[in-house]
2 protein chains.
Amino acid sequence: MHDAYRRLLAHVNTVHDLGKAAAVLRWDRETHMPKAGDPARIEQLTTLRRLIHERSTSDAYGDLIEAGAAAVADTDDGADGLAADLVRVLRYDFDRARRLPEDFVVRMAETSARARTVWESARAEADFARFRPWLERLVDLQREMAERYGHAGEPYDALLEGYEQGATTAAVRAVFDAVKRETVPLVQAIAERPGAVDDAVLRQPFPVDGQQAFARHIASQVGYDFERGHLGTVVHPFATSFGRDDVRITTRWYPDDLRPALFGTLHEAGHGIYEQNTHPALARTPLAGGASSGIHESQSRMVENLVGRSRPFWRAHFPALQRHFPAQLGACDAERFYRAVNKVQPSLIRVEADELTYNLHIVLRFELEQAMLGGDLAVGDLPAAWNDGLRNLLGVVPPSDREGVLQDVHWSGPSFGYFPTYALGNLYAAQLMEAARAQSPAVDADLEAGQTGGLLAWLHDQVHRHGRRLPPAELVQRATGAPLGHTAFVRYARAKFADLYGLHA
Amino acid sequence: MHDAYRRLLAHVNTVHDLGKAAAVLRWDRETHMPKAGDPARIEQLTTLRRLIHERSTSDAYGDLIEAGAAAVADTDDGADGLAADLVRVLRYDFDRARRLPEDFVVRMAETSARARTVWESARAEADFARFRPWLERLVDLQREMAERYGHAGEPYDALLEGYEQGATTAAVRAVFDAVKRETVPLVQAIAERPGAVDDAVLRQPFPVDGQQAFARHIASQVGYDFERGHLGTVVHPFATSFGRDDVRITTRWYPDDLRPALFGTLHEAGHGIYEQNTHPALARTPLAGGASSGIHESQSRMVENLVGRSRPFWRAHFPALQRHFPAQLGACDAERFYRAVNKVQPSLIRVEADELTYNLHIVLRFELEQAMLGGDLAVGDLPAAWNDGLRNLLGVVPPSDREGVLQDVHWSGPSFGYFPTYALGNLYAAQLMEAARAQSPAVDADLEAGQTGGLLAWLHDQVHRHGRRLPPAELVQRATGAPLGHTAFVRYARAKFADLYGLHA
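Keep in mind it's a predicted model, so treat the numbers as computed, not measured.

Q: I tried to follow the overall build of chain A on my own but got confused; where do I start?
A: In terms of regular secondary structure, chain A is built from 21 helices and three strands. Taking 2.2 N^0.38 as the reference for a compact globule, 505 residues should give roughly 23 Å; the C-alpha atoms of chain A span a radius of gyration of 23 Å, in line with that estimate. Principal-axis analysis of the C-alpha atoms places the extent of chain A at approximately 65 × 55 × 45 Å. Across the 505 residues that make up chain A, the buried fraction comes to 57%. Summarising the internal contacts of chain A: among those between residues at least 6 apart in sequence, 73% fall at separations of at least 24. On chain A, roughly 20000 Å² of surface is accessible, and the fraction owed to carbon and sulfur atoms is 52%.

Q: Where do I start with the pairing of strand S1 (residues 229-233) of chain A in this structure?
A: Residue and element names in this part refer to chain A. For S1, the tally of buried residues reaches four of five residues, placing the bulk of the element in the interior. Across five bridges, the pairing between S1 and strand S3 (residues 247-251) is parallel. In the sheet register, Gly-229 faces S3, and the bridge partner there is Val-247.

Q: So what exactly am I meant to see when it comes to the packing of helix H17 (residues 419-439) of chain B against helix H19 (residues 453-462) of chain B here?
A: Describing two packed helices takes the angle between their axes plus the distance from one axis to the other. Residues and elements named next belong to chain B. Relative to each other, H17 and H19 sit at 110°, their axes nearing to 10 Å. Considering their axes alone, H17 and H19 lie roughly perpendicular with respect to each other. Every pair of crossing elements has a handedness; the one defined by H17 and H19 is right-handed. Between H17 and H19, the contacting residues are Leu-432, Met-433, Ala-435, Ala-436 and Gln-439 on the first element and Leu-455, Trp-458 and Gln-462 on the second. Of the residues assigned to the contact of H17 with H19, the class counts are six nonpolar, two polar and no charged.

Q: Which parts of the structure should I look at to understand the environment of Pro-101 of chain B?
A: Residues and elements named next belong to chain B. Relative to the elements of secondary structure, Pro-101 occurs in the loop between helix H4 (82-98) and helix H5 (102-124). A residue is classified by how much of its surface remains accessible, and Pro-101, at 29% relative accessible area, is partly exposed. In this structure the C-alpha to C-alpha distance between Pro-101 and His-53, which are 48 residues apart in sequence, comes to 9.9 Å.

Q: Where do I start with the interface of chain A and chain B in this structure?
A: Accessible area lost upon the coming together of the parts serves often as the stated size of an interface. Listed by partner, the interface residues are 34 residues for chain A and 34 residues for chain B. At the boundary of chain A with chain B, total buried surface from both sides reaches about 2600 Å², with 58% on carbon and sulfur atoms. For the chain A face of the interface with chain B, the top three residues by lost area are His-32, Pro-34 and Gln-44 of chain A, together amounting to 18%. In this structure, the connection of chain A to chain B is made through six salt bridges.

Q: I keep staring at the sheet that holds strand S1 (residues 229-233) of chain B and nothing clicks. Help me out?
A: Backbone-to-backbone hydrogen bonds join strands into a sheet, with any given pair of strands oriented parallel or antiparallel. Residue and element names in this part refer to chain B. Taken in spatial order, the three strands of this open sheet run S1-S3-S2, and their pairing is mixed. Two strands bound the open sheet, and with one partner strand each, they are S1 and strand S2 (239-241). Mean inter-strand twist for the sheet, computed between neighbouring axes without regard to direction, equals 20°.

Q: It is not clear to me how unusual backbone geometry should be interpreted in this structure. Could you clarify?
A: Most peptide bonds are trans, and most residues other than glycine sit at a negative phi. Residue Gly-413 of chain A is joined to Pro-414 of chain A through a cis peptide bond whose omega torsion reads -20°. In this model, Ala-126 of chain B sits at a positive phi of 50°, which is unusual for a non-glycine residue. Assignment of secondary structure puts Ala-126 of chain B in the loop between H5 and helix H6 (128-149). Backbone geometry places Arg-284 of chain B, a non-glycine residue, at a positive phi of 60°. Residue placement: Arg-284 of chain B occurs in the loop between helix H10 (259-276) and helix H11 (293-307).

Q: For this particular structure, what's the right way to read the packing of helix H9 (residues 208-222) of chain A against helix H12 (residues 311-324) of chain A?
A: Residue and element names in this part refer to chain A. Viewed as axis vectors pointing N to C, H9 and H12 meet at an angle of 155°, and their least axial separation amounts to 10 Å. Taken together, the axes of H9 and H12 are roughly antiparallel relative to one another. The two elements H9 and H12 cross, and the hand of that crossing is right-handed. The residues of H12 that touch H9, namely those facing Gly-210, Ala-213, Phe-214, His-217, Ile-218, Gln-221 and Val-222, are Phe-313, Trp-314, His-317, Ala-320, Leu-321 and His-324. Residue composition of the contact of H9 with H12, by class: eight nonpolar, five polar and no charged.

Q: Would you mind showing me how to read the nonpolar core here?
A: Considering soluble globular proteins, one finds that nonpolar side chains tend to be buried as a cluster. Counting 130 residues, the largest nonpolar core has Phe-131, Trp-314, Phe-337 and Trp-411 of chain B as the members making the most contacts within it. Looking at this core, the element that brings in the most residues is H17 of chain B, giving 12 residues. The residues contacting Phe-337 of chain B, other than those within four sequence positions of it, are Leu-202, Leu-258, Leu-262, Trp-314, Phe-318, Leu-321 and Cys-332 of chain B. Counting residues in each nonpolar core, the second largest holds 128 residues, with Leu-306, Phe-337, Val-363 and Leu-475 of chain A among its members.

Q: Help me out: how do you make sense of the sheet that holds S3 of chain A in this one?
A: Residue and element names in this part refer to chain A. Strand order across the open sheet formed by three strands is S1-S3-S2, with mixed pairing between neighbours. One side of each edge strand has no neighbouring strand; the edge strands of this open sheet are S1 and strand S2 (239-241). The mean inter-strand angle of the sheet, taken between neighbouring strand axes irrespective of direction, is 20°.

Q: Help me out: how do you make sense of the relation of the copies chain A and chain B in this one?
A: For the pair of chain copies, the relating operation is a rotation around an axis with a shift along it. After a rotation of 180° and a shift along the axis of 0.0 Å, chain A superposes on chain B with an RMSD of 0.0 Å. Look at the turn and shift together and you get a two-fold axis relating the two. Across chain A, the smallest distance between a C-alpha and the rotation axis is recorded for Ala-21 of chain A, namely 3.4 Å. Taken as a fraction of all interface residues of chain A, those also at the interface in chain B reach 100%, which identifies the copy contact as same-surface.

Q: Got a minute to help me understand the pattern of salt bridges in this structure?
A: Scanning the entire structure with this criterion turns up 90 salt bridges over all chains. Its salt-bridge partner being Arg-91 of chain A, residue Glu-66 of chain A comes within 2.7 Å of it at the nearest N-O pair. In this pair, Glu-66 of chain A sits in helix H3 (residues 59-74) while Arg-91 of chain A sits in helix H4 (residues 82-98), placing the two residues 25 residues apart along the sequence. For Glu-66 of chain A, a relative accessible area of 40% puts it in the partly exposed group. Here Glu-335 of chain A and Arg-311 of chain A are joined by a salt bridge, their closest N and O atoms 2.8 Å apart. Within this pair, whereas Glu-335 of chain A is found in helix H14 (residues 334-340), its partner Arg-311 of chain A is found in helix H12, the two being separated by 24 residues in sequence. Sharing partners across several salt bridges, the network here consists of Asp-28 and Arg-41 of chain A together with Asp-246 and Arg-248 of chain B.

Q: What is the right way to look at the pairing of strand S3 (residues 247-251) of chain B in this model?
A: On any regular strand, side chains alternate: one points to one face of the sheet, the next to the other face. All names here are of chain B. Counting buried positions along S3 gives five out of five residues, so the element sits mostly inside the fold. Neither face of S3 is exposed, since Val-247, Ile-249 and Thr-251 on one face and Arg-248 and Thr-250 on the opposite face are all buried. Here S2 folds back onto S3, and the loop between the two strands holds five residues, one of which, Gly-243, carries a positive phi near 140°.

Q: Honestly, the packing of aromatic side chains in this entry has me stumped. Any pointers?
A: Two aromatic rings are characterised by how far apart their centres lie and by the angle between their planes. In total, this model carries 38 aromatic pairs over all chains according to the counting rule given. Aromatic side chains Phe-263 of chain B and Trp-314 of chain B sit 6.4 Å apart centroid to centroid with 65° between the ring planes, which places their arrangement in the edge-to-face category. Residue Phe-263 of chain B is located in helix H10, and its partner Trp-314 of chain B is located in helix H12 (residues 311-324); the two are separated by 51 residues in the primary sequence. Like Trp-314 of chain B, Phe-263 of chain B is buried. The structure contains a cluster of three or more aromatic residues connected by ring pairs, namely Tyr-163, Tyr-358, Trp-386, Trp-411, Phe-416, Tyr-418, Phe-419 and Tyr-422 of chain A. It is Arg-301 of chain A that lies over the ring of Tyr-358 of chain A; its NZ or CZ is 4.1 Å from the centre.

Q: Hey, could you run me through the environment of Thr-285 of chain A in this one?
A: All names here are of chain A. Tracing the backbone shows Thr-285 in the loop between helix H10 (259-276) and helix H11 (293-307). Take Thr-285: its relative accessible area is 4%, and that puts it in the buried class. Along the chain, Thr-285 and His-16 lie 269 residues apart, while their C-alpha atoms are 6.1 Å from each other. The residues contacting Thr-285, other than those within four sequence positions of it, are Leu-9, Val-12, Asn-13, His-16 and Leu-86.

Q: What should I look at first to understand the side chain of Asn-342 of chain B in this one?
A: Residues and elements named next belong to chain B. You can see Asn-342 is positioned in the loop between helix H14 (334-340) and helix H15 (358-374). For Asn-342, a relative accessible area of 3% corresponds to the buried category. For Asn-342, the side chain forms a polar contact with the main-chain oxygen of Arg-309, separated by 3.1 Å. Apart from the residues lying within four places of it in its own chain, the contact partners of Asn-342 are Arg-309, Glu-355, Lys-496, Phe-497, Leu-500 and Tyr-501.

Q: What exactly am I supposed to notice about the side chain of Asp-157 of chain A here?
A: Residue and element names in this part refer to chain A. Considering the arrangement of structural elements, one finds Asp-157 in helix H7 (residues 155-160). For Asp-157, the side chain forms a polar contact with the side chain of Thr-169, separated by 2.4 Å. Look past the residues within four positions of Asp-157 in its chain and what remains in contact with it is Thr-168 and Thr-169.

Analysis parameters
- Just so you know, the residues in each chain are numbered from 1, in the order the chain's sequence is written.
- All chains are assigned letters beginning with A, and all ligands numbers beginning with 1, in the order in which they are written.
- Under the rules for a predicted model, residues below a pLDDT of 70 receive no local features and side-chain atom pairs below 80 are neither given nor counted, while totals for whole chains, interfaces and linings still include all residues.
- In computing side-chain properties, one takes all heavy atoms of the structure into account and sets aside hydrogens as well as water.
- Under the scheme used here, helices are H or I runs from DSSP no shorter than 4 residues and strands are E runs no shorter than 2 residues, and both carry numbers assigned from the N terminus.
- Note on method: radius of gyration uses C-alpha positions; expected globular size equals 2.2 Å times residues raised to 0.38.
- When accessible area is computed with a 1.4 Å probe and restricted to protein chains, residues below 20% of their type maximum are described as buried, those above 50% as exposed, and intermediate ones as partly exposed.
- We call two residues in contact when some of their heavy atoms are within 4.5 Å.
- All accessible-area figures derive from a Shrake-Rupley calculation using a 1.4 Å probe, and residue coverage is judged against the displayed protein chains alone.
- Between any two strands, pairing holds if DSSP finds at least two bridges.
- The axes used here are C-alpha line fits, helices contributing only the stretch in contact, and every angle between their N-to-C directions lies in the interval 0 to 180 degrees.
- What sets the label is the angle itself: under 35 degrees gives roughly parallel, over 145 gives roughly antiparallel, 65 to 115 gives roughly perpendicular, and the rest give oblique.
- By convention, the crossing between two helices is left-handed when the near helix turns anticlockwise from the far helix through less than a right angle, and right-handed when the turn is clockwise.
- Residue type decides the class: Asp, Glu, Lys and Arg count as charged, Ala, Val, Leu, Ile, Met, Phe, Trp, Tyr, Cys and Pro as nonpolar, and the leftover types, Gly among them, as polar.
- Buried area counts how much accessible surface, traced with a 1.4 Å probe, disappears from two parts once they are put together, with both parts' losses summed.
- Criterion for a salt bridge: a side-chain nitrogen of Lys or Arg within 4 Å of a carboxyl oxygen of Asp or Glu.
- Here, the term nonpolar core denotes a set of buried Ala, Val, Leu, Ile, Met, Phe, Trp, Tyr and Cys residues that are joined through side-chain atoms within 4.5 Å.
- Superposing the copies works by least squares over the C-alpha atoms of residues that have pLDDT at least 70 in both of them.
- Only rings of Phe, Tyr and Trp enter the pairing, Trp through its six-membered ring, and a pair is recorded when the two centres are within 6.5 Å. The plane angle decides the type: under 30 degrees is stacked, over 60 is edge-to-face, the rest tilted.
- Definition used: whenever NZ (Lys) or CZ (Arg) falls within 6 Å of the ring centre and also within 35 degrees of the ring normal, the charge is taken to sit over that ring.
- What qualifies as a polar contact is a pair of N or O atoms within 3.5 Å, subject to a donor-acceptor requirement within protein and to the restriction that residues adjacent in sequence count only when both atoms come from side chains.

Pasting the structure below:
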């Protein structure tokens, strides 16, 4: 290895380790930290963030990248071009990070931290007016951020880029419009058959220790490796990686509803499987991670929905669940359970939405974010716009802003541009699944038996092992032979819900 | 605040935060990390250690200290001289850290990491020969370290200094000799009354959930604040602090022995109470912590033994324990329980030793460390010297080196000079307790009722709040009116065990 490249790697490894240390501190903060420890923890995280930012934007680091790039260009990079990919991503990240001066980053972090606290109390008391001045400040900051990053006319592009490299607002809008066009009538047709699916079986007392045992079992069954993982308990579930051999997932336990822990664990296990299967050669570099937020979400949605809410999956695994809860599920069967976990029901809260209406919650947020950013929607008019939008899309209206515009933490982030990646994840997942079935006979054979071996082998080859080496558009094109579209999802959803609800296709 | 002092503080805070981040990573490593995560975790900890070392030894930091010191000297430092104390400690640490060049620190860390792995397998198979070449290397490194630190003729002084600032080998030896002289005959007298105390009641099946509930209860009773703490499960218990408002303790649970979890929790709670009660003004500086390892250990021993193994304590708390374990303890009473937890029994394993014989295990290690360091004892002759020493002190001989010379992790550290602080903790604890009783009537009154309020108030004033502002010798002198000695411990032990074993005083 050339010395200049070695020096670059050493720098990159150091910054990576600091980032992973911060990830451990955040994980501990959500899982075990006493509340009183938060002020000190915030100081520690701020210090780490500052050191990372310094080392990610310094002139000296820029020189290291260019020297390393020259060394890579001069050298035969082995068969696979890993060093060239790394240098490309380092240059990209460096260039982007340099566009935000340190004082802007600090201003944003401070405003966000205070806005977060205000948002919590505003939500608790359904008092949007309290949050409004903070959201106004945050929208201004997001606008400034978009200008600093730069864009070709559509400021939202600059923010979306932070989560979905290469995606444009126009392209996402086109796909989302198609999803909306196809989904809304389907949801309406389902609404005309209110008694077709009954999910009462899911809402019974389910002792938490039984839920924990089954959640571990089922996460392991779908391919999450507990030898290199850990399932923790939190209020707001997430997955995080401290290295491919230490990938944590978390969930929450509701004593009278099976769904949050069960599908939450499957969801986070999907994220975890991705991280556990990045190639070891990517370790300690920015390549060790997902291709984008949307691609990461595709892996969690794949496991949660396309696998975990499928009929053969429950045909295979319902008996084990039944053994954990004989009193609650003794009279149920796999088919009834499969139907129950797929009930479609327009509702107010995004994180509780079913597989079909979920995307519509995202479309609403995507449109409102753009309107606020572009100045077409004043923050003061946001609650009304929210309620109108939800009524149009789903036919429901929140009783208060707590169940409406104040429900999500993201805008206090402020992370405009993040919401769309949730729906992109659903679309990617359907498109990848369709390609996997078409390309590998083992995929269907295993899924029909409730197993994921064939699917994971294909995903490993097409998605997991590449980490962040492929930009999302290239990854999807290579894996599926087509760019991102809405059709695979629509085909999947139509077939599934027509069958479930007895609709004419 | 003067700018130069502000700049110094900012630097110190950064280094402190990195140290606390490392502490979180170590805590997680022992409590939740999957074993497979260890290589990445070691890299992350090594990176943090390196950044801390760079920032703790750089010329630029030296300049910051001197500029800060000048500013402090120029300024009226308020009433209490905190800034002056901080500058003194920063200078002391900087000067000491600069004596070890980075390459020596790395060599030591690498040798230690490999030696630790060898030690684990050597211990498992009772094979000292395997560990011997590594211990030889470590002794050489400790000798080199002592020379690099510098000393006035006694190399061990230079290592002891790292744990007990200002202590000399000669002074510790004099106190330990006195302890040995007084303790050995007492242990022998007790050995002549083998049936006087029966501890069978402690070795029964005790379900772990009951142990956990009582451990939390009793830790809280002695003053550990769970609002600013957390009790975790580990193989090798420890306490750690991420800030005074987030102080973690850990323990292990034996399903058929009440002692390890019960007294282990009280021990770590003692460490935790110290950290939780340092003055808030010391936060994010090296002053936020214990005065020395020995003083820290005095607080854990105080809670574990002087409080937790006292008669009034169990008179007050045995009923609650009995309620957790009615089947096991229904036929027992507080007096019998008090006697059981104070059984004196010469044994092989330090961490399982009773209050009286514990110090003799330490005296043995203290003497062997000096002999190895001074070249008077070849590492190859260590097992024989260990066994001879134990026979002379306690009349027992290990069946193999697993229960003998290989039992402790410390020498693979290598942390020569650390062992004595365990016994110093016992001596400090007795001396502090005697002073507390003499100075504050509330101490005895509360202890007689099984409460620690009076004692903690005194300790808070004399010990806790000062953090590391007072060197250990000054702290003890101020609190007790005398330098460290053996007499308070001997008085305490003689009275307690004469009563328990019906000896003539």
